Amino acid sequence: MEDKPGPRRAAYMILSNVMKQAVEDGEIQKWVPIRGASRDVSRRRDGVSVDTVKLLQMLSADPQVSTILQVLVSSGLRIGEVLALDWEDVDLQHRTLRVHKHVTRFGLMPGRKKHKEADVLQPITEAATASLSAWKDQGVGKGPVWLNNASKRLSYYDWFKRWDELRTAHGLKSVRTHDIRATHLTAFARNNASLAEIMERGGHSDIRSALIYQRPSAERQIQLVNALEGIV
């Protein structure tokens, strides 16, 4: 296996998927993960502060990029799920987004990343609703919510090109789009959401992925201990 985290994760995930499919197809009886091979595959994401996201919104000269950042930090969706939105999926009155497809490097795919049959309504905050309403008022009210220079759906590549230019220009190269999703889901977890609720919100297929957003902290420990006063 590769020593560098990136290639190591990619190689192991391919191997794991192949072996799991082999089990489903009956070609092998069982897939036993290789000890140590999955190192760094599912790792805790630190997220990024909400203030940093707001700063990037302010610094962006592109109102579309600014709006996407607001939707990301307010919804907990993956960037591919956000890019796949059509205006018919956006219900500003009820503050929900219909998530039933996602954009990948290879184009538009059905469902969510790990759930091809997924078709869910994702509630969003008032801030995201206001941003989407303002973006819609600029004259884009039909078809894809996000557009490239040719008035076609903004692709995975188009987004990351704009995102990379923004974060690099302001010395925030280390901030990833997925960190913004992590910020939302961590806040969601700290607001006493159950594990099942975190999994539903994030579109997770396994508990391990959702657990990385339940982050213990000294402040939370103190809060929990204070709640025990008079009980123990």
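Just so it is clear, the model here is predicted, and its values are computed rather than measured. (Residues numbered from 1 in each chain as written. Predicted model: local features only at pLDDT ≥ 70, side-chain atom pairs only at ≥ 80, totals over all residues. Heavy atoms only, no water.)

**Some words on the nonpolar core**
Link 1 in the chain: Of all hydrophobic cores here, the largest spans 36 residues; its most connected members are Ile68, Leu69, Leu83, Trp146 and Trp159.
Link 2 in the chain: Among the secondary structure elements, those contributing two or more residues to this core are α2 (50–59), α3 (63–75), α4 (79–83), β2 (96–99), α5 (126–136) and α6 (156–169).
Link 3 in the chain: Take this core: its biggest share by element is 6 residues, from α3.
Link 4 in the chain: In contact with leucine 83, not counting residues within four places along its chain, are Ile68, Val103, Trp146, Arg153, Leu154, Ser155, Tyr156 and Trp159.
Link 5 in the chain: Counting residues in hydrophobic clusters, the runner-up holds 5 residues, among them Ala189, Ala193, Ile198 and Ala210. (Core = buried A, V, L, I, M, F, W, Y, C linked by side-chain atoms within 4.5 Å. Buried < 20%, exposed > 50% of the residue type's maximum accessible area, 1.4 Å probe, protein only. Helix = DSSP H or I, 4+ residues; strand = E, 2+ residues; numbered from the N terminus. Contact = heavy atoms within 4.5 Å.)

**Some remarks on the sheet that holds strand β1 (residues 90–91)**
Link 1 in the chain: In space, the 3 strands of this open sheet follow the order β1-β2-β5, with antiparallel pairing throughout. Single-partner strands in this sheet number two, and they are β1 and β5 (120–123).
Link 2 in the chain: Here β2 pairs with β5 via 4 bridges, running antiparallel. Looking at the pairing, threonine 96 lines up with proline 123 of β5. (Pairing = 2+ DSSP bridges.)

**Describing the pattern of salt bridges**
Any two side chains of opposite charge can pair if their charged atoms end up close together.
Link 1 in the chain: Scanning the model with the defined rule gives 11 salt bridges in all.
Link 2 in the chain: In this structure, aspartate 164 engages arginine 167 in a salt bridge whose closest nitrogen and oxygen atoms are separated by 3.0 Å. Linking aspartate 164 with arginine 167, this pair stays in helix α6, spanning 3 residues, or about one helical turn.
Link 3 in the chain: On the basis of relative accessible area, arginine 167 is assigned to the buried category, the value being 13%. (Salt bridge = Lys/Arg side-chain N within 4 Å of Asp/Glu carboxyl O.)

**With respect to the packing of aromatic side chains**
Link 1 in the chain: By the definition in use, this model includes 3 aromatic pairs.
Link 2 in the chain: Between tryptophan 135 and tryptophan 146, the ring centres sit 6.4 Å apart and the planes meet at 20 degrees, which makes this aromatic pair stacked. You can see tryptophan 135 sitting in helix α5 and its partner tryptophan 146 sitting in the loop between α5 and α6, a full 11 residues away along the chain. When sorted by exposure, tryptophan 135 lands in the same class as tryptophan 146, which is buried.
Link 3 in the chain: A centroid spacing of 5.0 Å and a plane angle of 50 degrees characterise the contact between tyrosine 156 and phenylalanine 160, whose relative ring orientation is tilted. (Phe/Tyr/Trp six-rings, centres within 6.5 Å; stacked < 30°, edge-to-face > 60°.)

**Comments concerning a positive patch on the surface**
Link 1 in the chain: Together, Lys20, Lys113, Lys114 and Arg208 give the surface a local cluster of positive charge.
Link 2 in the chain: As for its position among the elements, arginine 208 is in helix α9 (residues 207–211). (Patch = residues over 30% accessible without salt bridge, like charges linked within 9 Å, V, L, I, M, F, W, Y side chains within 5 Å. Areas by Shrake-Rupley, 256 points an atom, 1.4 Å probe, with all protein chains shown as cover. Lys, Arg positive; Asp, Glu negative; His and termini not counted. Charge placed at Lys NZ, Arg CZ, Asp CG, Glu CD.)

**A closer look at the pairing of strand β3 (residues 101–104)**
Link 1 in the chain: The sheet contact formed by β3 and strand β4 (residues 107–110) spans 4 bridges and is antiparallel. By the bridge assignment for β4, histidine 102 is matched with methionine 109.
Link 2 in the chain: Between β3 and β4, which pair antiparallel and follow one another directly, the connecting turn spans 2 residues.

**Focus: the packing of helix α7 (residues 177–190) against helix α8 (residues 195–202)**
Link 1 in the chain: Two numbers describe how α7 lies on α8: the axes approach to 10 Å, and their chain directions differ by 155 degrees. Overall, the two elements α7 and α8 adopt an arrangement that is roughly antiparallel. At the point where α7 passes α8, the crossing takes the right-handed sense. Note on element contacts: α8 touches α7 through Glu197, Ile198, Arg201 and Gly202, opposite Arg181, His184, Leu185, Phe188 and Ala189. (Axes fitted to C-alpha atoms, helices over the stretch in contact; angles between N-to-C directions. Parallel < 35°, antiparallel > 145°, perpendicular 65-115°, else oblique. Left-handed = near helix turned anticlockwise from the far one by under 90°.)

**Considerations on the side chain of threonine 129**
Link 1 in the chain: Tracing the backbone shows threonine 129 in helix α5.
Link 2 in the chain: For threonine 129, a relative accessible area of 11% puts it in the buried group.
Link 3 in the chain: A distance of 2.9 Å separates the side chain of threonine 129 from the backbone oxygen of threonine 125, its partner in a polar contact.
Link 4 in the chain: Beyond its immediate chain neighbours, meaning those up to four positions away, threonine 129 contacts Leu92, Arg95 and Ile124. (Polar contact = N/O pair within 3.5 Å; in protein donor to acceptor, adjacent residues only side chain to side chain.)

**Here we look at the packing of α3 against α7**
Link 1 in the chain: With their axes 6 Å apart at the nearest point, α3 and α7 run at an angle of 40 degrees to one another. Looking at the two axes, α3 sits oblique to α7. Here Leu69, Leu72, Val73, Ser74 and Ser75 of α3 come into contact with α7, specifically with Thr177, Ile180, Thr183 and His184.

**Quick look at α7**
Link 1 in the chain: With 14 residues, α7 extends 21 Å between its outermost C-alpha atoms, agreeing within 8% with the 20 Å of an ideal straight helix rising 1.5 Å per residue.
Link 2 in the chain: Here α7 lies mainly inside the structure; 10 of its 14 residues are buried.
Link 3 in the chain: What α7 keeps buried is the set Thr177, Asp179, Ile180, Arg181, Ala182, Thr183, His184, Leu185, Thr186 and Ala189.
Link 4 in the chain: Phi for asparagine 192, located one or two positions after α7, is positive at around 70 degrees. (Expected span 1.5 Å × (residues − 1).)

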